Amino acid sequence: MTSAVSVRAHAKVNLFLGVGERRADGFHELSTIFQAVSLHDDVTVTAGREEVTVAGLDPERVPADPTNLAARAARAVVERTGREVDLGVHIDKGIPTAGGMAGGSADAAGALVAADRLLGAGLGEAELLEMAAQLGSDVPFTLRGGTALGTGRGEKLVPVLARGTFHWVFAISAQGLSTPEVFAKLDELRDAGKLPGPRTDATAVLSAVAAGDARALAEAMHNDLEAAAFSLRPDLRRMREAARGAGALRTMLSGSGPTMAFLCASGTDAEAVADELTGANLCRAAFVAEGPQPGVVGLDW
Ligand code: C5P
């Protein structure tokens, strides 16, 4: 048996995020369009000792213990095989650990694929996607990548035609924001009649992505969670204003935040927006990225 398998897993941005009713299981019914972007983590799974090690970007922000979602993913694969083997997971982070970019989900998707390969388990894509959905709402998308429409909790995926390359900046807030709190705030504001119901029509986003048209995408992008996140974190508006001033085509909360995503017309524009945001000290860090990208890809096979 090979002793180690390494894969690369990419971050995501939601080009459209319509949030419906809270379901009996506590999750919200979503209608979302995901795009995988070039920020990535490299995940290596080894046989022998059960341990989690983390290197790269902000390693102290990632739990290096068995609760890590990637470690749980590796254990889930071991359980499916019925084998008695301990797996180690090493994560080299390039995805900021900040919320809204699915970094933890990408690590879990990477660990599923790497563990499957290492153990020669031969789990098919359907089985891996089902295991991914059990680990978290964004894990199936980070496994597949590209551009996709997600429904249910976000785990039911249909690929979407995308042309060209979209240029992004992701600005990382110094302070965190809890995903369940953002969803709860949206429910609260809707119950009080302060926010409209879900946006459901993503047609304009689908057309823009199919045409590779960044300006049309800038017009069409939408995130139902943005108003809720802004009401919890009014400071995020300052990043929005600075990015607009520096030439971003569109600013939007990334997923449930607090990371902010800025769509730009070119890589050069994206660099200028990132420089402005970091220079003005409005974020902890800003990263330039491109999408779409694949999901999990093998590094040594
Ligand atoms: O599935 P995941 O662990 O990423 O979800 C984190 C939290 O986000 C959930 O516990 C829930 O509070 C909220 N969530 C939601 N509806 C979704 C996805 C996530 O309410 N579709």
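Placed above this text is the structure.
These numbers were taken from a predicted model, which means no experiment stands behind them.

(A) Focus on the overall build of the protein. Tallying secondary structure elements over the protein gives 10 helices and 12 strands in all. Computed over the C-alpha atoms, the radius of gyration of the protein is 19 Å, within 12% of the 19 Å expected from 2.2 N^0.38 for a compact globule of 301 residues. Each principal axis of the C-alpha atoms in the protein carries an extent, and together these give about 55 × 45 × 35 Å. Taken over 301 residues, the protein has a buried fraction of 52%. By sequence separation, contacts in the protein at least 24 residues apart represent 76% of the contacts at least 6 residues apart. Carbon together with sulfur atoms contributes 48% to the accessible area of the protein, which is approximately 12400 Å² in total.

(B) Quick peek at the nonpolar core. Judged by nonpolar contacts, the single largest core of 63 residues is most densely connected at Trp-168, Phe-170 and Leu-217. The dominant element in this core, judged by the number of residues it contributes, is helix 2 (residues 103-119), at 10 residues. Setting aside its immediate chain neighbours within four residues, Phe-170 contacts Val-13, Val-37, Leu-39, Met-101, Ser-254, Thr-259, Met-260, Ala-261, Ala-285, Ala-286, Phe-287 and Ala-289. Among the nonpolar cores identified, the runner-up in size contains 28 residues, and Ala-171, Val-182, Leu-253 and Met-260 belong to it.

(C) Representation of the site of the ligand. Close to the ligand lie Gly-26, Phe-27, His-28, Leu-30, Gly-136, Ser-137, Arg-153, Thr-179, Pro-180 and Phe-183, which account for all nearby residues. His-28 has a polar side-chain atom sitting 2.7 Å from an oxygen atom of the ligand. Residue Arg-153 places a main-chain N or O atom 3.3 Å away from a nitrogen atom belonging to the ligand. Computed on the free molecule, the ligand has an accessible area of 460 Å², of which 71% lies beneath the protein chains in the complex. Those elements that place two or more of their residues in the shell around the ligand are strand 2 (28-47) and helix 5 (179-191). At 3 residues, the largest contribution of residues to the shell around the ligand is made by helix 5.

(D) Structural context of the packing of helix 2 against helix 3 (residues 125-135). Running from N to C, helix 2 and helix 3 point in directions that differ by 145°, and their axes come no closer than 10 Å. Remark: the crossing between helix 2 and helix 3 carries right-handed chirality. Facing Ala-108, Leu-112 and Asp-116 of helix 2, the residues of helix 3 in contact are Leu-128, Met-131, Ala-132 and Leu-135. Its residues placed into classes, the contact of helix 2 with helix 3 shows 6 nonpolar, no polar and 1 charged.

(E) Representation of the sheet that holds strand 7 (residues 166-172) in the model. Spatially, the 4 strands line up as an open sheet ordered 9-10-7-11, and their pairing is antiparallel. Because the sheet does not close on itself, it has two edges, and the strands there are strand 9 (250-253) and strand 11 (285-291). Sheet twist, expressed as the mean angle between neighbouring strand axes with direction ignored, is 25°. In terms of strand pairing, strand 7 meets strand 11 through 7 bridges, oriented antiparallel. When the bridges of strand 11 are listed, His-167 appears paired with Glu-290. In this fold helix 10 (residues 267-279) packs onto strand 7, strand 10 (260-264) and strand 11, with an angle of close to 10° to the strand it touches most, strand 7.

(F) The arrangement of the state of the cysteines in detail. All told, the structure shown has 0 disulfides when counted by the stated rule. In this model Cys-264 remains outside any disulfide bridge; the closest cysteine sulfur is found in Cys-283, 13 Å from its own. Cys-264 gets classed as buried once you look at its relative accessible area, which sits at 1%. Under the relative-accessibility criterion, Cys-283 is labelled buried at 9%.

Rules used in this analysis
- Residues numbered from 1 in each chain as written.
- Predicted model: local features only at pLDDT ≥ 70, side-chain atom pairs only at ≥ 80, totals over all residues.
- Heavy atoms only, no water.
- Helix = DSSP H or I, 4+ residues; strand = E, 2+ residues; numbered from the N terminus.
- Rg over C-alpha atoms; globule rule 2.2 N^0.38 Å.
- Buried < 20%, exposed > 50% of the residue type's maximum accessible area, 1.4 Å probe, protein only.
- Contact = heavy atoms within 4.5 Å.
- Areas by Shrake-Rupley, 256 points an atom, 1.4 Å probe, with all protein chains shown as cover.
- Core = buried A, V, L, I, M, F, W, Y, C linked by side-chain atoms within 4.5 Å.
- Near = heavy atom within 4 Å.
- Polar contact = N/O pair within 3.5 Å; in protein donor to acceptor, adjacent residues only side chain to side chain.
- Axes fitted to C-alpha atoms, helices over the stretch in contact; angles between N-to-C directions.
- Left-handed = near helix turned anticlockwise from the far one by under 90°.
- Nonpolar A, V, L, I, M, F, W, Y, C, P; charged D, E, K, R; others polar.
- Pairing = 2+ DSSP bridges.
- Disulfide = S-S within 2.5 Å.

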